[in-house]
Amino acid sequence: MTGTKPAGTDDEVEQALPFLEVQRRVLHLEEQFNSFLKTCPIPIVIYDLQGLVQNLNPAFEHLFGWNLEDQIGEKIDFVPHAERSSTIAGIEKVLAGEVLTNFETRRLTRSGELLDVSLTSFRLTDEAGNPTGIIVILRDVTAHKVLERELRRRLAFEESLVENSMDGIIAVDPQGGVMLFNQGAGRIMGYKPEEVIGKIHVTELYPPGKAQEVKKALLSNRFGGPGKLTDYRTELLTKNGETVSMRLSGSLLHEGGQEIGSVGFFHDLTNQKLMEEALQREKAITEELVDGSPIPTFVLDRDHRVVFWNRAVVELTGVSRLEMVGSKEVWKPFYPQERQVLANLILAQDLTLLSSLYGGKKLRAYPLLKGAFEAEDFFESLAGKNRYLHFMSAPIFDRNGELWGAIESIQDLTEHKALEARLSELATLDGLTGVFNRQYFEKRLEEEVSKARRYRDHLGMILLDIDHFKEINDHYGHLVGDQVLKKTAEIIKSCLRTTDIVARFGGDEFVVILPRTDAAQMASVRERLEVMMKHLTVLDQEHRVCTYTVSLGDHTDDRDYNQILRKSDAAMYRRKQGR
């Protein structure tokens, strides 16, 4: 019987192989899905039919603040009251088999911040097709919505300008179909917009051959550069067949690098006087808009003379318009000595001096305007106040593309910078005791260890631990425990040099870094602390005296991060045991 196999063994193996292969593939798919879930930058959450969380990815944790460990098997209460009915209706559609795509709604973060989101959801089913849960994919569109609302506001304003303009404005698609035909064009040519838009090819608006001439000029370099027309003379054909002379300015329209059409602004030369009056009105409105703007703004002409100085910049600098308009001394309100401001350098096109004067002041090209730059600077006693300002300057070109002047706008960042500095300071401090926190301590310890190693210098450390701190909290209450921590921190600070660094290391532990401190100096500091730390007292709310002691351990001349911590801790433990 040697060498024989049990009956049926080969058959059983062959039958098991497909099952094992399916099982392997299922496990592989599960691994792929989990990998996708973890690395996907878009927030995803998976619910069961009871609305309980089955899974969520790191992107969801980052955006909304809830993590998988706390929320698995729980509900996430992040649907605002105003969105609940539409959310319930959406869930019902998804469970019925509908895929919810780009559903715009709002959701709350764990901290209470309200976000605009675009939501996509679909149901999960078992092998029989029965629903087992739903997947929800959320995309944060808050910034997009803010921009969208602002864009709608601006478009409404611009559409009003287009429709009420005295000029004819005509836009066409790449095939020559008319997409925009404003009332000004209607007044010139006798058409109603609905007679033209989507119904007439642009060549029908010109005398024979003129449309081809315009297109050729638009693509040439002769009238403002390829894709632009400036003060181009042509003719249009009215509805009743008359030819009218026009001055045309236009350009190709692009989106994402692709041509989407062209737009032309037609000036009727037979109504030159009316046009000039309209332009004067527009100029007055524009000047009033800039002058009434809350953003401090001034304009220099090509000779570097101030030609515009709005009310906001008067308020900022304390220098009147009368003093500045016509002057070349635009620097005077800002600097004690003569020097170039950003607008001067934009006019001079002097990038070398621009880099020299502003290179260390967050200078960068402004991304939305060609030739524009922005920077930041601190100004002492500007109109009697120290101010931190952000300024942006851009060139101004005339209709011929020649540099006419430069505009500079200013934003006062003083309060913002002060808040930034305060927040930065608070981020390094322990909120209760006012000494540095552990995160800041660890960063500084690494720096000081590295410095001591590099220069072969002394470095000392002291660890302090409040004895029986838990019993103090249990017996006297946490308010007294807080007083103990605060008082201990104050005493430690009073015994140290300004170069020493004290931090709260843990609940009742403090740590001190003493740069350039040898063993003899360390002993002196330790003795001073031990004297100050004997029989400390605080009063509770009932004026009972709480007495406590502090143990400390120290170590010096170790240039290894972990060793100096470990040895200081060991020294403290030995002294605590000796009490």
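Owing to the predicted nature of the structure, the values given are computational and were not obtained by experimental measurement.

**Q** Quick one: what's the story with the side chain of glutamine 71, residue by residue and with numbers?
**A** Looking at where glutamine 71 falls in the secondary structure, it is placed in helix 3 (residues 68–71). Looking at glutamine 71, the relative accessible area reads 8%, which means it is buried. With near-sequence residues (within four places) excluded, glutamine 71 lies in contact with Val53, Leu56, Trp66 and Ile76.

**Q** Which residues make up the sheet that holds strand 5 (residues 131–140), and what are the values?
**A** Sheet architecture is open: five strands sit in the order 2-1-5-4-3, paired in antiparallel fashion. This sheet does not close on itself; its edge strands, each paired only once, are strand 2 (53–56) and strand 3 (100–108). For this sheet, the mean angle separating the axes of adjacent strands, direction not counted, is 30 degrees. Of the strand pairs in this sheet, strand 3 and strand 4 (residues 114–125) are connected by seven bridges, and their pairing is antiparallel. Paired with threonine 105 across the two strands is valine 117, which belongs to strand 4.

**Q** Residues and numbers for a nonpolar patch on the surface, please.
**A** A surface patch of nonpolar side chains, amounting to about 220 Å² of accessible area, comprises Leu49, Ile91 and Leu95. Residue position: leucine 49 is located in the loop between strand 1 (44–48) and strand 2.

**Q** Any chance you could break down the sheet that holds strand 17 (residues 459–466) for me, citing the residues and the numbers?
**A** The antiparallel open sheet is built from four strands, whose spatial order is 18-19-17-22. Of all strands in the sheet, those bounded by a partner on one side alone are strand 18 (501–504) and strand 22 (550–556). Adjacent strand axes in the sheet meet at a mean angle of 15 degrees, parallel and antiparallel pairs treated alike. Here strand 17 runs beside strand 22; their pairing, made up of seven bridges, is antiparallel. Bridge pairing in strand 22 places methionine 461 opposite histidine 555. Running over the sheet, helix 15 (residues 438–455) touches strand 17, strand 18 and strand 19 (509–515) and is turned about 25 degrees from strand 19.

**Q** An account of the pattern of salt bridges is needed here, citing residue identities and associated values.
**A** With the rule as written, the count across this model stands at 18 salt bridges. The partner of glutamate 376 in a salt bridge is lysine 362, with the nearest N and O atoms 3.7 Å apart. Placement of the pair is glutamate 376 in strand 14 (residues 373–382) and lysine 362 in the loop between helix 13 (351–358) and strand 13 (364–365), with a sequence separation of 14 residues. Between arginine 444 and glutamate 448 there is a salt bridge; the shortest N-O distance is 3.0 Å. Separated by four residues within a single helix, arginine 444 and glutamate 448 lie in helix 15, roughly one turn from each other. Within this structure, Lys443, Arg444, Glu447, Glu448 and Lys451 form a network of salt bridges that share partners.

**Q** Quick one: what's the story with the confidence of the model for the protein chain, residue by residue and with numbers?
**A** In this model, the protein chain carries a mean pLDDT of 82, and residues with pLDDT of at least 70 account for 84%. Across the protein chain, element-level confidence peaks in strand 18 with a mean pLDDT of 92 and bottoms out in helix 9 (residues 272–291) with 56. This model gives residues 1–5 a pLDDT under 50, and the stretch forms one contact once residues within four places in sequence are excluded.

**Q** Requested: an account of the packing of helix 16 (residues 469–476) against helix 17 (residues 478–494), with residues and values cited.
**A** At a minimum axis separation of 7 Å, helix 16 and helix 17 run at an interaxial angle of 140 degrees. Judged by the inter-axis angle, helix 16 sits oblique to helix 17. Judged by residue contacts, Phe469, Ile472, Asn473 and Tyr476 of helix 16 engage His478, Val480, Gly481, Val484 and Leu485 from helix 17.

**Q** Report on the environment of proline 395, specifying residues and quantitative values.
**A** Here proline 395 is to be found in strand 15 (residues 385–397). Taking relative accessible area as the criterion, proline 395 reaches 15% and is therefore assigned buried. Each residue touching proline 395, except ones within four places of it in the same chain, is listed here: Ile346, Lys370, Gly371, Ala372, Leu403, Gly405 and Ala406.

**Q** Would you mind going over the pairing of strand 2 in detail, with residue names and values included?
**A** Along any regular strand, the residues point their side chains to alternate faces of the sheet. Judged from the three bridges that link them, strand 1 and strand 2 form a sheet pairing that is antiparallel. Following the sheet pairing, isoleucine 46 is matched in strand 2 by asparagine 55. Joining the antiparallel neighbours strand 1 and strand 2 is a turn of four residues, in which glycine 51 adopts a positive phi near 80 degrees.

**Q** With reference to specific residues and values, describe the packing of aromatic side chains.
**A** Under the counting rule described, the total for this entry stands at 14 aromatic pairs. Residues phenylalanine 60 and phenylalanine 78 carry aromatic rings whose centres are separated by 5.9 Å and whose planes lie at 65 degrees to one another, so their mutual orientation is edge-to-face. Separated by 18 residues along the polypeptide, phenylalanine 60 in helix 2 (residues 58–64) and phenylalanine 78 in the loop between helix 3 and helix 4 (84–95) bring together distant segments of the chain. For phenylalanine 60, a relative accessible area of 0% corresponds to the buried category. On the numbers, 5.8 Å between centres and 70 degrees between planes, the contact of tyrosine 358 with phenylalanine 391 is edge-to-face. You can see tyrosine 358 sitting in helix 13 and its partner phenylalanine 391 sitting in strand 15, a full 33 residues away along the chain. Judged on exposure class, the residue tyrosine 358 and its partner phenylalanine 391 are both buried. The structure contains a cluster of three or more aromatic residues connected by ring pairs, namely Phe298, Trp309, Phe334, Tyr335, Tyr358, Phe379 and Phe391. Over the face of the ring belonging to tyrosine 335 we find arginine 339, whose NZ or CZ atom lies 4.2 Å from the ring centre. Against the face of phenylalanine 505 rests arginine 438, its NZ or CZ located 4.0 Å from the ring centre.

**Q** I'd like a rundown of the pairing of strand 22, residues and numbers included.
**A** Most of strand 22 sits inside the fold, with seven of its seven residues counted as buried. Neither face of strand 22 is open: one carries Val550, Leu552, Asp554 and Thr556, the other Ser551, Gly553 and His555, and all of them are buried.

Calculation rules
Residues numbered from 1 in each chain as written. Predicted model: local features only at pLDDT ≥ 70, side-chain atom pairs only at ≥ 80, totals over all residues. Heavy atoms only, no water. Helix = DSSP H or I, 4+ residues; strand = E, 2+ residues; numbered from the N terminus. Buried < 20%, exposed > 50% of the residue type's maximum accessible area, 1.4 Å probe, protein only. Contact = heavy atoms within 4.5 Å. Pairing = 2+ DSSP bridges. Axes fitted to C-alpha atoms, helices over the stretch in contact; angles between N-to-C directions. Patch = residues over 30% accessible without salt bridge, like charges linked within 9 Å, V, L, I, M, F, W, Y side chains within 5 Å. Areas by Shrake-Rupley, 256 points an atom, 1.4 Å probe, with all protein chains shown as cover. Salt bridge = Lys/Arg side-chain N within 4 Å of Asp/Glu carboxyl O. pLDDT = per-residue confidence, 0-100. Parallel < 35°, antiparallel > 145°, perpendicular 65-115°, else oblique. Phe/Tyr/Trp six-rings, centres within 6.5 Å; stacked < 30°, edge-to-face > 60°. Lys NZ or Arg CZ within 6 Å of the ring centre and 35° of its normal.

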